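Analysis of the macromolecular model
What follows is each chain in one-letter form.
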Amino acid sequence: DTGVSQDPRHKITKRGQNVTFRCDPISEHNRLYWYRQTLGQGPEFLTYFQNEAQLEKSRLLSDRFSAERPKGSFSTLEIQRTEQGDSAMYLCASRLTSGRFNEQFFGPGTRLTVL
Amino acid sequence: AQSVTQPDIHITVSEGASLELRCNYSYGATPYLFWYVQSPGQGLQLLLKYFSGDTLVQGIKGFEAEFKRSQSSFNLRKPSVHWSDAAEYFCAVATGGGNKLTFGTGTQLKVEL
């Protein structure tokens, strides 16, 4: 299967702990996106990368959040000093930019529960 | 700023009945519009997309949507719903050169057998 994959699928942590999520995009896709989805809401944009460069960050991405895509392939999203309000589904998507407009393909998500 | 409104939070239909899910958007330029479906605990699967051209677009699983610029709408339709269609449906508009999707709050579809 060559879709977007995310690891882990579920993460339970205690408040104040750090967590890191990984996203592996579709191999030829140069853009990678992170979204957050809370219960009963649609996904909200967090940040995106063009290859290894992080080009935009949402105001939702507080200083406790950091994302990287070191070699332009997989990406990690780290949350430091987690808070209960960080509990959500974190979705990764990838997209190939070419001569025509293409859609984003989503992974299965990582569900974070902060106790 | 761009926004997407899905006025129906929950919809219940009988299996075999027709379905229409409403979506209204607010965006100054020509929109790129999408419908995604999400099953419980899963990611998002693209049903269909509108970029330009024919305003009636066909998608997977027998879904279609019609773009109406004058009404700023992109409603999703299916002539005959199957029990497996029960899921949450999200309408989205792409902005910033497609680098950011703005989603509606979703419509939860329940199918009665």
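Residues numbered from 1 in each chain as written. Chains lettered and ligands numbered in written order. Predicted model: local features only at pLDDT ≥ 70, side-chain atom pairs only at ≥ 80, totals over all residues. Heavy atoms only, no water.

1. What to know about the overall build of chain A
- Each helix and strand in chain A was counted, giving zero helices and 11 strands.
- The helix and strand sequence of chain A, counted from the amino end, reads β-β-β-β-β-β-β-β-β-β-β.
- For chain A, whose C-alpha radius of gyration is 14 Å, the value lies close to the compact-globule estimate of 13 Å for 115 residues.
- Taking the principal axes of its C-alpha atoms as reference, chain A extends roughly 45 × 25 × 25 Å.
- Within chain A, the proportion of its 115 residues that are buried is 49%. (Helix = DSSP H or I, 4+ residues; strand = E, 2+ residues; numbered from the N terminus. Rg over C-alpha atoms; globule rule 2.2 N^0.38 Å. Buried < 20%, exposed > 50% of the residue type's maximum accessible area, 1.4 Å probe, protein only.)

2. Things to note about the packing of aromatic side chains
Residue and element names in this part refer to chain A.
- Under the definition given, this model contains 18 aromatic pairs over all chains.
- Look at Tyr33 and Tyr48: their rings are 5.5 Å apart centre to centre, the planes differ by 20°, and that puts the pair in the stacked class. In this pair, Tyr33 sits in strand E4 (residues 31-37) while Tyr48 sits in strand E5 (residues 44-50), placing the two residues 15 residues apart along the sequence.
- Taking relative accessible area as the criterion, Tyr33 reaches 0% and is therefore assigned buried.
- The class for Tyr48 is buried, based on a relative accessible area of 6%.
- The ring of Phe74 carries Arg22 above its face, with NZ or CZ at 3.9 Å from the centroid. (Phe/Tyr/Trp six-rings, centres within 6.5 Å; stacked < 30°, edge-to-face > 60°. Lys NZ or Arg CZ within 6 Å of the ring centre and 35° of its normal.)

3. Some points on the state of the cysteines
- Evaluation of the coordinates by the stated rule reveals two disulfides over all chains.
- Each disulfide pairs two cysteine sulfurs, and for A:Cys23 the partner residue is A:Cys92, the sulfurs being separated by 1.8 Å. Judged by the torsion about the S-S bond (-70°), the A:Cys23/A:Cys92 disulfide is left-handed. Linking A:Cys23 in strand E3 (residues 19-24) with A:Cys92 in strand E9 (residues 88-95), this pair joins segments that are 69 residues apart in sequence. With respect to class, A:Cys23 is no different from A:Cys92; both count as buried.
- Covalent S-S linkage joins B:Cys23 and B:Cys91, the inter-sulfur distance amounting to 2.0 Å. On the sign convention where negative means left-handed, the S-S torsion of about -65° between B:Cys23 and B:Cys91 marks this disulfide as left-handed. Linking B:Cys23 in the loop between strand E3 (19-21) and strand E4 (24-26) with B:Cys91 in strand E10 (residues 87-95), this pair joins segments that are 68 residues apart in sequence. Residue B:Cys23 shares its accessibility class with B:Cys91, and that shared class is buried. (Disulfide = S-S within 2.5 Å.)

4. Some points on the interface of chain B and chain A
- Taken together, the contacts link 21 residues of chain B with 22 residues of chain A.
- Both sides of the chain B and chain A interface together cover about 1700 Å² of buried area, and 54% of this is carbon and sulfur.
- Looking only at chain B, the three residues that lose the most surface to chain A are B:Leu44, B:Asn99 and B:Lys100, adding up to 29% of its buried area.
- The interface formed by chain B and chain A includes two salt bridges.
- Among the ionic pairs, B:Lys49 bridges to A:Glu103, the shortest N-O distance being 2.7 Å. (Contact = heavy atoms within 4.5 Å. Buried area = accessible area lost by both parts, 1.4 Å probe. Salt bridge = Lys/Arg side-chain N within 4 Å of Asp/Glu carboxyl O.)

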